[in-house]
Amino acid sequence: MAFEITAEQIDVIQHDAMPMAAYISRPARPGDYPLVLVGAELWGLTNEVRAVVRDVAALGYVAIAPNLYHRSGPDTSTGIEESDANRAHAFELLSRLTRDGVEADLRAAADYAREHAGAADRIGMLGFSLGGHVTYFAATRLPLRAAAIYYPGWLPDAGTALSVPDPLLAATSRITARLTLLFAEQDHVIDADQRRRIGEALSAASVRHEIVVYPGARHAFFFPGREPYDKQAADDSWQRVRELFAAELSAG
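Conventions we followed
- Residues numbered from 1 in each chain as written.
- Predicted model: local features only at pLDDT ≥ 70, side-chain atom pairs only at ≥ 80, totals over all residues.
- Heavy atoms only, no water.
- Phe/Tyr/Trp six-rings, centres within 6.5 Å; stacked < 30°, edge-to-face > 60°.
- Helix = DSSP H or I, 4+ residues; strand = E, 2+ residues; numbered from the N terminus.
- Buried < 20%, exposed > 50% of the residue type's maximum accessible area, 1.4 Å probe, protein only.
- Lys NZ or Arg CZ within 6 Å of the ring centre and 35° of its normal.
- Pairing = 2+ DSSP bridges.
- Axes fitted to C-alpha atoms, helices over the stretch in contact; angles between N-to-C directions.
- UniProt positions renumbered as here; feature names shortened; annotations may be inferred.
- Parallel < 35°, antiparallel > 145°, perpendicular 65-115°, else oblique.
- Contact = heavy atoms within 4.5 Å.
- Nonpolar A, V, L, I, M, F, W, Y, C, P; charged D, E, K, R; others polar.
- Core = buried A, V, L, I, M, F, W, Y, C linked by side-chain atoms within 4.5 Å.

The name given to the protein chain in an unreviewed UniProt entry is Dienelactone hydrolase family protein, with the source organism recorded as Nocardia gamkensis.

Draft legend 1. Looking closely at the packing of aromatic side chains. Under the counting rule described, the total for this entry stands at 13 aromatic pairs. Taking 5.9 Å as the distance between ring centres and 85° as the angle between the ring planes, the aromatic pair formed by Phe 3 and Tyr 33 counts as edge-to-face. Taken together, the positions of Phe 3 in the segment before β1 (5-12) and Tyr 33 in strand β3 (residues 33-39) put the pair 30 residues apart, joining distant regions of the chain. Each member of the pair, Phe 3 as well as Tyr 33, is classed as buried. On the numbers, 5.8 Å between centres and 45° between planes, the contact of Phe 222 with Trp 238 is tilted. With Phe 222 in the loop between β8 (209-214) and α6 (231-248) and Trp 238 in helix α6, this pair connects stretches of sequence that are 16 residues apart. The exposure class of Phe 222 is buried, given its relative accessible area of 11%. We note Arg 50 situated over the ring of Tyr 23; from NZ or CZ to the ring centre the distance is 5.5 Å.

Draft legend 2. Spatial organisation of the sheet that holds β3. Spatial strand order, β1-β2-β4-β3-β5-β6-β7-β8: 8 strands in an open sheet with mixed pairing. Among the strands making up the open sheet, the edge pair consists of β1 and β8. Looking at each pair of strands side by side, their axes are set apart by 20° on average, direction ignored. Pairing between strand β7 (residues 178-184) and β8: 6 bridges, direction parallel.

Draft legend 3. Examining the UniProt feature "domain: Dienelactone hydrolase" (unreviewed entry) in the protein chain more closely. If you check UniProt for "domain: Dienelactone hydrolase" (unreviewed entry), the listed places come out as residues 20-247 in our numbering. The annotated region residues 20-247 carries 37% helix and 21% strand content, and the separation between its end C-alpha atoms amounts to 31 Å.

Draft legend 4. Representation of the packing of helix α3 (residues 99-117) against helix α4 (residues 130-141). Across the interface, α3 lies against α4 with an axial gap of 11 Å and an inter-helix angle of 80°. Comparing their axes, α4 and α3 come out roughly perpendicular. Between α3 and α4, the contacting residues are Arg 99, Asp 100, Val 102, Glu 103, Leu 106 and Arg 107 on the first element and Val 134, Phe 137, Ala 138 and Arg 141 on the second. Across the contact of α3 with α4, the residue classes tally to 5 nonpolar, no polar and 5 charged.

Draft legend 5. Geometry of the nonpolar core. Core analysis: the largest hydrophobic core is formed by 90 residues, its most contacted members being Leu 126, Tyr 136, Tyr 150, Leu 179, Phe 222 and Phe 245. Broken down by element, the residue count for this core peaks at 8 residues, all from α3. When neighbours within four sequence positions are excluded, Tyr 136 is seen to be in contact with Ile 149, Leu 155, Leu 168, Leu 169, Thr 172, Ile 175, Leu 179, Leu 181 and Leu 202.

Rendered as structure tokens:
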């Protein structure tokens, strides 16, 4: 059953930072709905990310995607157009993030969803590419019950401001959530060796997890309208996300 939903762009006010734009959606009918944070790709709060937020809400969750670039100015609040010309600018914005700042932003988004959208304490997270990297980070810092992680780069190696001073994989033992990691076999960012190292770290830390690798798929396979889009991989992965959240975010 798909829920009727409401959705809006809002500002989350933090006492020590600029207002943080976020996109939030929830079922229109009152109720006790778990919370799902959504981690955006490198390009920020794009229309594609907003669509994912609405899709998650339609499953019966309060979903919110915060703009983690907000400290770089309000012009980041609606995302960055994906292009080769904009890629360097996007990586510059990424380089300004800090672990403590991202943690504070995610917690502020969760607090807003609880206070203003009636979200329950049960929390999951979903993220794509950079957002998958952020979701893995969040699982080491926040009390997540479940995390769905699409093609996350830079987990075993340095590559973002969140992998300093040590790669995020070094913090795997802090994870208590159940993880579903969704990879593309032909990913130019995440090769088979990285996938192996991620799986070994999760197993060594006894983290409940599932790793799925889609044959022939490429990075960014999830979003329709893009050249790498793979409908079979996208549909199967979304079903796994649904099952993960249904199993781990239910009451109790």
